[in-house]
Amino acid sequence: MKITIKTFLTIIIFSITTQIFAQTDAEMKAWMAYMTPGSVHDMLAKSNGEWSSEISLWMSPDAPPTKSTGTVVNSMILGGRYQQSTNLGNFMGMPFEGISIVGYDNSKKKFVSSWVDNMGTGMVYMEGTWDDATRTVNLSGKQTDPMTGLDMVVRETFEIIDDNNQKLEMFMTQNGKEMKTMEIIFKRK
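Residues numbered from 1 in each chain as written. Predicted model: local features only at pLDDT ≥ 70, side-chain atom pairs only at ≥ 80, totals over all residues. Heavy atoms only, no water.

Draft legend 1. Seen up close, the packing of aromatic side chains. Counted according to the given criterion, the structure contains four aromatic pairs. Pairing F96 with W115 gives two aromatic rings, centres 6.3 Å apart and planes at 20°, and the pair type is stacked. Taken together, the positions of F96 in strand 4 (residues 94–105) and W115 in strand 5 (residues 110–117) put the pair 19 residues apart, joining distant regions of the chain. Taken together, a centroid distance of 6.2 Å and an interplanar angle of 55° make the contact between F158 and F186 tilted. Here F186 lies in strand 10 (residues 177–188) and F158 lies in strand 8 (residues 151–162), a separation of 28 residues in the sequence. Overall, the relative accessible area of 8% leaves F186 in the buried class. Looking at R155, its charged tip hangs above the ring of F171, at a distance of 4.1 Å from the centre. (Phe/Tyr/Trp six-rings, centres within 6.5 Å; stacked < 30°, edge-to-face > 60°. Helix = DSSP H or I, 4+ residues; strand = E, 2+ residues; numbered from the N terminus. Buried < 20%, exposed > 50% of the residue type's maximum accessible area, 1.4 Å probe, protein only. Lys NZ or Arg CZ within 6 Å of the ring centre and 35° of its normal.)

Spelled out as structure tokens, the structure:
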């Protein structure tokens, strides 16, 4: 007996639809809680707008930092679920562009962050928690070490000093040693 592609696709679609609608009330409530922006997302939205950035970048722990400036525009996207930050500047005479997406995963109860820029072809992904006492998001994750092609452990602290001032610090671990690689001071324009 031959089953036509149309019949096969109809069976697949029916099966998927049945599974979606067969969810229990508890499953639907959990899904709704997962997808609904909350107070942490509102906190992220308070950083919307234009910011100036003062960047210090360390290439090695015993060398002075390279300094530059830039601009950042933050805006909530996808119905207030994530904040996109578009970063523009100049680094060592080259134009710099970077984009981060930061959100709060309601199910994990963690911040999630991704970063891409025009100085590489990899992505940085981190997760972390909020420290109310220091008003800081503490993130950790991995990025590609361009020298080896292997994953490298990275850590970031993002402090909300007040409504108009923020500080980001980035650390990486190589050969079992952590070093500070970057510090950015953000000031609202």
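Draft legend 2. Highlighting the pairing of strand 5. Inspection of the sheet shows strand 4 paired to strand 5 by eight bridges, in the antiparallel sense. Looking at the pairing, I101 lines up with S114 of strand 5. With five bridges connecting them, strand 5 and strand 6 (residues 124–131) associate as antiparallel partners. Bridge pairing links V112 to E127 in strand 6. The antiparallel pairing of strand 5 with strand 6 creates a hairpin that spans six residues between the two strands. (Pairing = 2+ DSSP bridges.)

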